[in-house]
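# Reading the structure
Each chain, written out:
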Amino acid sequence: MDKKWYFCGYVINYKILDLRITMKKVLIATCCIALLSGSLSVSAQKKSDVQAQKKSAAKSVSASSLTGKSWSADNGNGTFTNPLFYDEFSDPDIIRVGEDYYLAGTTMHSVPGLVVLHSKDLVNWEFSSYCFDRFDDSDDFNLRNGKEAYGQGIWAPAIRYHNGKFYIFSNINGHGLQVYISDSAKGPWTHHKINGDIYDLSVLFDEDGKIYAVHKYGNVTVTELKPDLSGPVEGSSKVVIPEGNAMGEGHHVYKINGMYYILSADYSPMGRMQCARSKSIWGPYETCVISERESYGYVAGWSVGNMGIGRPLPEDGFNFQNNKPNGLNLGCATIHQGGIVQAPDGKWWGVSMQDFNAVGRTVCLSPITWVDGWPYFGLEKNLGRSPRTWFKPNDKVKTPQAPYDRCDDFSGKTFKPVWQWNHNPNDKMWSLNKERKGWLRLHSMPAKQLLWAKNSLTQRAIGPVSYTSVKLDASRLKVGDEAGLGAMNTPYASLGVVKSEKGLCLRCYDQNTNKEVLKPIAKNKVVWLRLWGDYDKSLLQFSYSLDGKNWENIGEQMLSPYQLKTFQGVRVALYAFNKTGVNGGVADFDDFKVAEPMADRTAYLPIGKTIRLFNLADGNLMNATGHGLVHSSWNKKEMSNGVKFLIEDRGQGKIALKTADGRYVYIAGAGLSGDVRLTSDASRAEEFVWQDMLYNRCMLLSLKTQRYVGKHPADGSPYSADFQGADAGMKNGCVFSWEVVE
């Protein structure tokens, strides 16, 4: 993740290694964010743009209790549905060691840093380790003397395994290239600094014993590293792919069957994956695109146009310029930066990140198809486009699992691995299950506002929708203190308890609009705080309770767009700080809960049920006509046998469609318009992979054509099975909403 961006023909140098970012570059950056999302710049003070989204969300906020599991991509029927995680995991790199897979990702300014996950099947992942506990003692990593490291820290790791040891190479902005080495992916890790100006790299341990780093944007450069990894071999750096070959950044280098491959993510003019190959590490290389336009129908979401790396941290009252998505542009909502790995059975798989609205960037899994020596993401008959739902690589994990346990009663000896501090913590000013048994205690320290507060304990917000709640004992706060539950972002939002000379009151604050709501709670020193988030729509809502059972909304729904200042999605935070410039009292937290009402997706595949399918492009019903082909019914209230389809289970995640009058859908010929036909012979029925698009939406992937069933929304033609996938906005004719009728 090189901090140099090429958007729509603009060059924005975000290389922070020497901290020489000019204001001119920052201004260009904010313009390009707007261009990427096809956005309209609107004032944060205007609420009209999100009113339509609020109505549906507000009903959910009133729920008093929720139970359920955490998001897992495993559907429990032999298939998985992307994303692998519905929380942020950016800049993924992957390896396999024997039967085990390991995934490393960016952690920016959060500590512990450099996360490693482990899997047996590429779908179900578990936490393995962090590489380090904290950054050095510089001012920026400690929120000290007006310095901060938001959006910087450590990023874009390259994980490798060589001669019995694990290696993770990564950059710390302003501090150069680092390598972490361990005998086990569970750690402990030893740390060494590597000299030289090498960043955003991938590393290859070649068969002849030489070590190569591939790095830089556009002008792809290869540098040989010394065997002891102390630095580069002098004079070895060479540009092997010059600018002008459509290569990007975030490289991943491999040697496969004697050929050198470099995978690259490019953002000019939109996110896609490139591949270069050569018989020599030094070139010459030829290049081609291996993944493009795959966003599963998502579009570039809300973003902040005047907030990016290098800009000052926004103080309260800052006028944020929110870029409204136009519903058409993809930007970086496509799967892009990532790597590939070969399974023990010889098949190849790719992991790649995708900008995913307010949760930030997350990871998707794709089958890889080799054609003419190129590793294309996707299936043989649909190269470059990846299915959202597909068959798992193996069945070694029988029960779906999530990487983290997000809930916490703070009764352990150490923090659960889901927690990370926002910048380095002051270890003298917090305690876990010590000063008060079964509670987290944060000692209040001076700060102007939440983004400057030290010892904020965070975890990544998880989508699509989640509720986060915590119990707060504010009885030992001192005047000037504020403690509570925050949504870390720029703009941030918070719900806390404030102590003044008059006593305690709740304070709900939205930095985006600079609005606050104050509510006295003089008789209550223990309160429950809750944050609801619809992260696909970038919306937040706070509520509170005085008994832990009955909840009341406080403040308005808030817009929380993605931005390039923290370079992260929303993070939930427990915080305490004092606004009077002195150390204050203490805040005690307990009973932290995260509920995910959409994590259990078993009802999203209506096996054995009869449904009607509405095409999102025009709202018309799919209709099995008496003429023997599938077309549309323009009567949205129709309940004839032709618009009713039984979802018949064919095993291992495959389904067939059977009409209410006993006919089956099959695909004739090449699946062209008119080839989606009807037959009474069950053995001829087409087998589909149901693509779960959430929110009672789906696509139907034909296993014969390896493409999707769809219909042109305007030209009157009947259904075909030759659609590549969903376009931005999901209204090109192959995405359906569905409802159960029997």
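Structure: see above.
Our subject in this report is the structure included herewith. (Residues numbered from 1 in each chain as written. Predicted model: local features only at pLDDT ≥ 70, side-chain atom pairs only at ≥ 80, totals over all residues. Heavy atoms only, no water.)

## What to know about the overall build of the protein chain
Helix and strand counts for the protein chain stand at two helices and 57 strands. For 742 residues, the compact-globule estimate of 2.2 N^0.38 gives 27 Å, and the C-alpha radius of gyration of the protein chain, at 26 Å, lies within 12% of that figure. When its C-alpha atoms are laid out on the principal axes, the protein chain stretches across 80 × 70 × 45 Å. In the protein chain, of all internal contacts separated by at least 6 residues, the share reaching a separation of at least 24 is 62%. For the protein chain, the centre of its 85 positive side-chain charges and the centre of its 76 negative side-chain charges are spaced 4 Å apart. (Helix = DSSP H or I, 4+ residues; strand = E, 2+ residues; numbered from the N terminus. Rg over C-alpha atoms; globule rule 2.2 N^0.38 Å. Contact = heavy atoms within 4.5 Å. Lys, Arg positive; Asp, Glu negative; His and termini not counted. Charge placed at Lys NZ, Arg CZ, Asp CG, Glu CD.)

## Here's the deal with the packing of aromatic side chains
All chains considered together, the criterion is met by 29 aromatic pairs. Summarising the aromatic geometry, the rings of Phe169 and Phe205 are spaced 6.4 Å apart at their centres and angled 45 degrees between planes, so their arrangement reads as tilted. One end of the pair, Phe169, is in strand β11 (residues 165-172); the other, Phe205, is in strand β14 (residues 202-205), with 36 residues separating them in the sequence. On the accessibility criterion, Phe169 (0% relative accessible area) is buried. Classification of Phe205 as buried rests on a relative accessible area of 17%. Here the aromatic rings of Trp390 and Phe391 are separated by 4.8 Å at their centres, their planes lie at 55 degrees, and the arrangement is tilted. Ring-pair connections join several aromatic residues into one group, and the members of that group are Trp71, Tyr86, Tyr298 and Phe356. Residue placement shows Arg601 over the ring face of Trp71; its charged tip is 4.2 Å from the ring centre. (Phe/Tyr/Trp six-rings, centres within 6.5 Å; stacked < 30°, edge-to-face > 60°. Buried < 20%, exposed > 50% of the residue type's maximum accessible area, 1.4 Å probe, protein only. Lys NZ or Arg CZ within 6 Å of the ring centre and 35° of its normal.)

## Concerning the pattern of salt bridges
Here the structure, examined in full by the defined rule, presents 37 salt bridges. Between Glu482 and Arg507 there is a salt bridge; the shortest N-O distance is 3.4 Å. One end of the pair, Glu482, is in strand β36 (residues 481-488); the other, Arg507, is in strand β38 (residues 503-510), with 25 residues separating them in the sequence. Accessibility assignment for this pair places Glu482 and Arg507 in one class, buried. We note a salt bridge from Asp675 to Arg677, for which the minimum N-O separation is 3.6 Å. Asp675 gets classed as buried once you look at its relative accessible area, which sits at 11%. Judged by relative accessible area, Arg677 falls into the partly exposed class, the value being 30%. Three or more residues joined by partner-sharing salt bridges are found here, namely Glu435, Arg436, Arg441, Asp473 and Asp588. (Salt bridge = Lys/Arg side-chain N within 4 Å of Asp/Glu carboxyl O.)

## Brief notes about the sheet that holds strand β15 (residues 211-215)
Spatial strand order, β14-β15-β16-β17: four strands in an open sheet with antiparallel pairing. In the strand order of this sheet, the two ends are held by β14 and β17 (238-241), each with one partner. Strand-to-strand twist across the sheet, computed as the mean angle between neighbouring axes with direction ignored, equals 30 degrees. Note that β14 and β15 share four bridges and pair antiparallel. The partner of Ser202 across the bridge, within β15, is Val214. (Pairing = 2+ DSSP bridges. Axes fitted to C-alpha atoms, helices over the stretch in contact; angles between N-to-C directions.)

## A few points about the sheet that holds strand β18 (residues 249-256)
Strand order in the open sheet made by the four strands is β18-β19-β20-β21, with antiparallel pairing throughout. With one partner strand each, in any of the chains shown, β18 and β21 (286-292) form the two edges of the open sheet. Averaged over all adjacent pairs, the angle separating strand axes in this sheet is 25 degrees, with direction ignored. Strand direction decides the pairing type here: strand β20 (residues 272-278) and β21, joined by six bridges, are antiparallel. Paired with Gln274 across the bridge in β21 is Val289.

## Digging into the pairing of strand β9 (residues 125-132)
A regular strand carries its side chains on alternate faces of the sheet. With six of its eight residues buried, β9 lies for the most part within the structure. Where strand β8 (residues 113-119) and β9 come together, six bridges link them in antiparallel fashion. Opposite Val116, over in β9, you have Ser129 as the bridge partner. Connecting β8 to the next strand, β9, in antiparallel fashion are five residues, including Leu122 with a positive phi near 70 degrees.

## Things to note about unusual backbone geometry
That bond from Gly283 to Pro284 is cis: its omega, 5 degrees, falls within 30 degrees of zero. As for its placement among the helices and strands, Pro284 is situated in the loop between β20 and β21. Geometrically, the link from Thr490 to Pro491 is a cis peptide bond, its omega value of 25 degrees lying close to zero. Checked against the element boundaries, Pro491 lands in the loop between β36 and β37 (493-500).

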